[in-house]
Each structure stands twice: as C-alpha cells, then as structure tokens.
Amino acid sequence: MQSLSETDGLIMFILEIYLLFIPILGRVIATFLCSGEKEVDLAVQSAKAAFKIWRKKSGMERSRILLEAARIIRERKDEIATVETINNGKSVFEARLDIDTSWQCLEYYAGLAASMGGEHVQLPGGSFGYTRREPLGVCVGIGAWNYPFQIASWKSAPALACGNAMVFKPSPFTPVSTLLLAEIYTEAGVPPGLFNVVQGGAATGQFLCQHRDVAKVSFTGSVPTGKKIMELASKGVKPVTLELGGKSPLIIFSDCDIENAVRGAMMANFLTQGEVCCNGTRVFVQREILDKFTEEVVKQTKKIKIGDPLEEDTRMGPLINRSHLQHVLGFIEQAKNEGAKVLCGGDLCVPEDPKLKDGYYMTPCVLGNCKDGMTCVKEEIFGPVMSILSFDTEAEVLERANDTNFGLAAGVFTRDIQRAHRVVAELQAGVCYINNYNVSPVELPFGGYKMSGFGRENGRVTIEYYSQLKTICVEMGDVESVF
Ligand SMILES: NC(=O)c1ccc[n+]([C@@H]2O[C@H](COP(=O)([O-])OP(=O)(O)OC[C@H]3O[C@@H](n4cnc5c(N)ncnc54)[C@H](O)[C@@H]3O)[C@@H](O)[C@H]2O)c1
Ligand SMILES: CCCCC=O
C-alpha cells in the first residue's frame, strides 16, 4: 500500500488515494479514497442515530443479534479467511483461526449482554442507592494490519454488547475484511449505521479521535501512534484503550519439557510472519540446555513451509509490504554488525512458483549469541526473527526480562510449578503464559503493562472499558436541610 500523499499530522480535509497492494504477488489490485473530515462526520452522525435505537434495546435483544452475527461469521468463515489471506499475506490456515476467535468473541459478549447490571445498596432510614451500567455512546475503533478482522471483532463485540455504536477505521494496508464484518452486522439486524467503517490513514484517524461526538477511542497499533492518539483524545477528555507493541520475554528453564518449549518458541515467534504484538522474541534459555534447544529450534524453523499462503500446507506467507520487509531485513543486518550470529534464515526468499516472484517473502530467522544491549533484543522487529539469549539463574533472568519499556506478554517453560507461579508473579507483563505461548481464549483479558498500553480486550473486565457507571441515590424520608 502506498499513499500518494502521506499526511501524518495534518488536520484538514485531504483527498488521499491509497493503492491496495497484494503482498502475495506484490501487485496493486485496487485503489481507494480515504475518508476526509466530512465523511468521518457523516459516519459519526449515522452511528449516533443508530446508538439512540440500540441503547434502548434490552441486553437479551442485543445478545440475539450478536449471536446471529456470530453464526453468519461461522458460516462465511472460509470466505472471510481467504479475503484476510489475500489482503494480509498470513496463511489461510492461520486466518481461519483468526475468524474462529472473532465469532467466539461475539458469542462471548452476547452471553454477557443480558447480565450487565449494577448493584443495590441499602442506606439509613430505608433509603437506598443503586448503580446502572450505561453505554458510552459512539466509540471509535482504530486497527492495525496484522489481525484486521479479529481486531475489529474484539473491539466491536464488547462495544455493541454494552449498547454502544462504533465507527471503525482499519489500517489502510488491510481495508477489506472489516467491510465484511459491517455487512454481517447489518444482515444480523443491527440498526443501520451502528457499526460504520471509514477508510484511510493517519489523517482519517485524527478526524475520528477529535470528533466531538465520539465518546471513546480504542486503538491497536504502535507505541508512537498510541501516544498521538492519547494526546488527541485528551483534548476532549475521551477515555482510550491502547493495545500497543511489545518485545516480550520467553524464559526456558532447563527442567522444561524441551519439545514443548521448542513448539512454544515457534508459536511465540513465527505466527503471521512474526508480525504479532505479543510475540516472545527475546528467548532466554538456561545455559545447560542452550545448545540442545537452539539446535532443535533451528531444525524446526528450517522446516517452515514458505510460499503461497492460500495453499493449505503453507505456514508462512509474505510480509505486509516491501518497506516493512526491508525494515525487518535491516534489523538482521544490524544484528550481525552488533555481533549476533544468524543461525538460519534472514534472507529474501523467492518462492519457486513464478507468480510469487514479486511478493514480500523472507526466510524465518533465528539469531544466536544475542546480548541484552543489541538492537534486535531491545526493539520490536515485527517480523520472523527470534533472538536467543542464555541465562544462569532465576533472579538474573527476571531482572533482564523486565528490563524493557514494553510489557505486553511473557512466557515461562518449566516443570517446577512453584517456580512457574513465582516467576510470572514477578514478570512485568499484562499477559503471561506458563508452558505455552500465544494462545488467546476470548474468555481471558488481553492487554499490556508499561508502554504496551492500558485497558483490556476480551474477558469480563472489558465491559468496564465500554460502559460507564451511574449512581442513583433514593431518599425515602424527608429532606434534612442544614439551612
Ligand atoms: N497490543 C495489541 O493488541 C496489538 C495488536 C496488533 C498490533 N499491535 C501493534 O501494532 C503495530 C503494528 O501495526 P501498525 O503498523 O498498523 O501500527 P500503526 O500505529 O502504524 O497504525 C495503526 C493504526 O493507526 C492509524 N494511525 C496512524 N497514525 C495515526 C494518527 N496520528 N492518528 C490516528 N490514527 C493513526 C493507522 O492508519 C492504523 O489504522 C505493532 O507495534 C504491534 O505490536 C498491537
Ligand atoms: C494473538 C493475537 C494478538 C494480536 C497481536 O498482534
């Protein structure tokens, strides 16, 4: 995707034309116009009108419609996954898993919609108070390009279940699948405009964040953009949820089940071409098993089938675009210059199929001899690059694992259950895995510590991020005035 007029920072109506590149082939397949200030306002106004209808519906009514939307997603799973693969480049095998977690999210919040309530509190003299959980209004969702349909589902499902409307802006690199979600919500019976999609990049996102009728912004993307969004939202005192980047540690103790630890490390690094926010890219391995673990990880990494992501047995497709591919390869060059050793991969890859020759493919990379101060260990690469580090003691690895501004996720592999819980209690990360990595059941909250953001997606707690609490105080006696 290229913007003919990349306009980061400009707050005015701008006509942006985006070229939609398909990463599999490296070719333009469509162009589209970005929504300007006027289109953003139209989307917000129609969402506002829909909100007036939707907020009056009972939780049971909202639940029924969300369940119907979940059913349609299940029914259209293969079609949506194919669109996601063509647009993003991830293997269709993985895209189907994303679609599963999407309809599961709608089902989960459909289940909670009818049970959102407040509490009743008795006060002296028969008086009492109660609380009501009320929707916020028109919420904005802004998404990244790595999980387009899933991100839109994870934001819209709790928002709609709570009685809100949502205007969603996908990344301009992956504008397509969110439109399918809008179509599905409409078919399921939400009022027209309740879930609106606007297209565009930074400028469109800014129009949304500063719109006076927007009540909340939920953002998924990078730390620098998250900071800008927080700043814009602060001007209107709008609450924000920030799901940002990471550089998560995965700690492998020598008493682990090594086969599972290797599988965990692969899951922690190579899903969606490594373009995953919570990836455990700093793999700390206890010295006693370093050689054995490294040998096995390299062996498994070399076996990953790279190629046309629409083929059933492909497990790694192209990266999102050419400039990101160059960016990732640049990190590998820098790692070599700083003393890391490339144990496998890290090269441009031209798949055998001639039609794929212009796609954005690379071989997944394992870096050995990594040290804490290296750029590849400190910065989010967002590509298929695993950095292996060694450690000796639990105290030492905890200190090193926490020595980062990020705090999205962390993992530990050990057979010692006391140690597992002791270590995760000390890890400064919002999501911790014991003896697994990168599983995201929608029943569990997901979100970061430190610069990886705040607020949560999924789980019961997310209801609190899409609703507000009203307190009602009821007097049953006479007014005792102090005057
Ligand atoms: N924590 C999570 O749940 C999570 C999930 C997926 C991705 N991510 C993070 O996202 C990043 C990769 O995604 P990306 O490259 O799309 O991120 P990005 O920050 O470049 O863009 C994200 C979205 O923000 C929009 N945007 C850009 N500038 C804006 C501005 N000034 N105002 C409003 N909107 C603006 C973009 O158009 C896009 O829709 C990585 O850092 C990754 O870790 C986090
Ligand atoms: C595993 C899903 C989390 C998405 C982050 O990029």
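Cut-offs applied
Residues numbered from 1 in each chain as written. Chains lettered and ligands numbered in written order. Predicted model: local features only at pLDDT ≥ 70, side-chain atom pairs only at ≥ 80, totals over all residues. Heavy atoms only, no water. Helix = DSSP H or I, 4+ residues; strand = E, 2+ residues; numbered from the N terminus. Domains from an automatic or database assignment. Contact = heavy atoms within 4.5 Å. Buried area = accessible area lost by both parts, 1.4 Å probe. Salt bridge = Lys/Arg side-chain N within 4 Å of Asp/Glu carboxyl O. Polar contact = N/O pair within 3.5 Å; in protein donor to acceptor, adjacent residues only side chain to side chain. Nonpolar A, V, L, I, M, F, W, Y, C, P; charged D, E, K, R; others polar. Pairing = 2+ DSSP bridges. Axes fitted to C-alpha atoms, helices over the stretch in contact; angles between N-to-C directions.

What follows concerns unusual backbone geometry. For valine 237, which is not glycine, the phi dihedral falls at a positive 45 degrees. Within the fold, valine 237 resides in the loop between α8 (223-235) and β10 (240-243).

Attention shifts here to the domain arrangement of the protein chain. Often, the extent of an interface is quoted as the loss of accessible area upon association of its parts. Looking at the assigned domains, one finds that the protein chain contains domain 1 (16-244) and domain 2 (249-434). Listed by partner, the interface residues are 25 residues for domain 1 and 29 residues for domain 2. Taken over both partners, the interface formed by domain 1 and domain 2 buries close to 2100 Å², and the fraction arising from carbon and sulfur atoms is 61%. Contact with domain 2 buries area across many residues of domain 1, yet Pro23, Ile24 and Trp145 alone supply 26% of it, more than any other trio. At the boundary of domain 1 with domain 2, the tally comes to one salt bridge. If you look at where domain 1 meets domain 2, you find eight residue pairs in polar contact (both at pLDDT 80 or more). Of all the secondary-structure elements, those providing two or more residues to the side of domain 1 that touches domain 2 are β2 (17-22), α3 (77-88) and α4 (92-113). The element contributing the most residues to the side of domain 1 that touches domain 2 is α3, with five residues. When its residues are assigned to classes, the side of domain 1 that touches domain 2 shows 13 nonpolar, nine polar and three charged.

Sheet strands associate in pairs through backbone hydrogen bonding, adopting either a parallel or an antiparallel arrangement. The strand order β13-β14-β15-β12-β11-β16-β17 describes an open sheet built from seven strands, whose pairing is mixed. At either end of the open sheet lies a strand with only one pairing partner, and these are β13 (341-344) and β17 (431-434). Across the sheet, the axes of successive neighbouring strands diverge by a mean angle of 25 degrees, strand direction being ignored. Across four bridges, the pairing between strand β16 (residues 409-413) and β17 is parallel. Bridge pairing in β17 links glycine 411 to tyrosine 433. On the sheet, helix α9 (residues 258-270) packs against β11 (249-252), β12 (282-286), β14 (365-368), β15 (385-391) and β16 and is oriented at approximately 135 degrees with respect to β15. Packing of helix α10 (residues 290-302) onto the sheet brings it into contact with β11, β12, β13, β14 and β15, and relative to β15 it is tilted by some 170 degrees.

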